[in-house]
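Listed below are the residues making up each chain.
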Amino acid sequence: MADLTPTPDRPGIHVSKPSPNAPATGSAVCHCGATATATGDNQVRALVEGYTANHGAAHDRTGR
């Protein structure tokens, strides 16, 4: 399987939860340079919500 971890060259968000009993982990990299990581279901949920609201498709490639 390919490495799905986002990088500055391949921005995005990646979430993993290997089993129902394991905590979720997440990482995000935006084309504007912002990065974030989270561990735990609630923290990963907040990471996804924040990335969706403020990064990625929420602003154009110039970082505005």
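For the structure itself, look to the data block above.
Residues numbered from 1 in each chain as written. Predicted model: local features only at pLDDT ≥ 70, side-chain atom pairs only at ≥ 80, totals over all residues. Heavy atoms only, no water.

Turning our attention to the overall build of the protein. When helices and strands are counted, the protein shows one helix and three strands. The secondary structure elements of the protein, listed N-terminal to C-terminal, are β-β-β-α. By residue count, 25% of the 64 residues in the protein fall in the buried class. Taking contacts inside the protein between residues at least 6 apart in sequence as the whole, the part at least 24 apart equals 21%. Working note: accessible area of the protein is about 4,400 Å², and carbon and sulfur atoms make up 54% of it. (Helix = DSSP H or I, 4+ residues; strand = E, 2+ residues; numbered from the N terminus. Buried < 20%, exposed > 50% of the residue type's maximum accessible area, 1.4 Å probe, protein only. Contact = heavy atoms within 4.5 Å. Areas by Shrake-Rupley, 256 points an atom, 1.4 Å probe, with all protein chains shown as cover.)

What follows deals with the nonpolar core. Across soluble globular proteins, you tend to see nonpolar side chains buried next to one another. By size, the foremost hydrophobic cluster in this structure holds seven residues: Ala 24, Ala 28, Cys 30, Ala 38, Val 44, Leu 47 and Tyr 51. The element best represented in this core is helix α1 (residues 41–54), accounting for three residues. Residues contacting Leu 47, with those up to four places away along its chain left out, are Ile 13, Gly 26, Ser 27, Ala 28, Ala 36 and Ala 38. (Core = buried A, V, L, I, M, F, W, Y, C linked by side-chain atoms within 4.5 Å.)

Now for the state of the cysteines. What the rule picks out here adds up to zero disulfides. Cys 30 carries a free sulfur, and the closest cysteine sulfur to it, the one in Cys 32, is 3.6 Å from it. A relative accessible area of 36% places Cys 32 in the partly exposed class. (Disulfide = S-S within 2.5 Å.)

Once that is clear, we can look at the pairing of strand β3 (residues 35–39). Here strand β2 (residues 25–29) pairs with β3 via five bridges, running antiparallel. Its bridge partner lying in β3, Thr 25 is registered against Thr 39. The loop that links β2 with its antiparallel partner β3 comprises five residues; one of these, Gly 33, has a positive phi angle of about 105°. (Pairing = 2+ DSSP bridges.)

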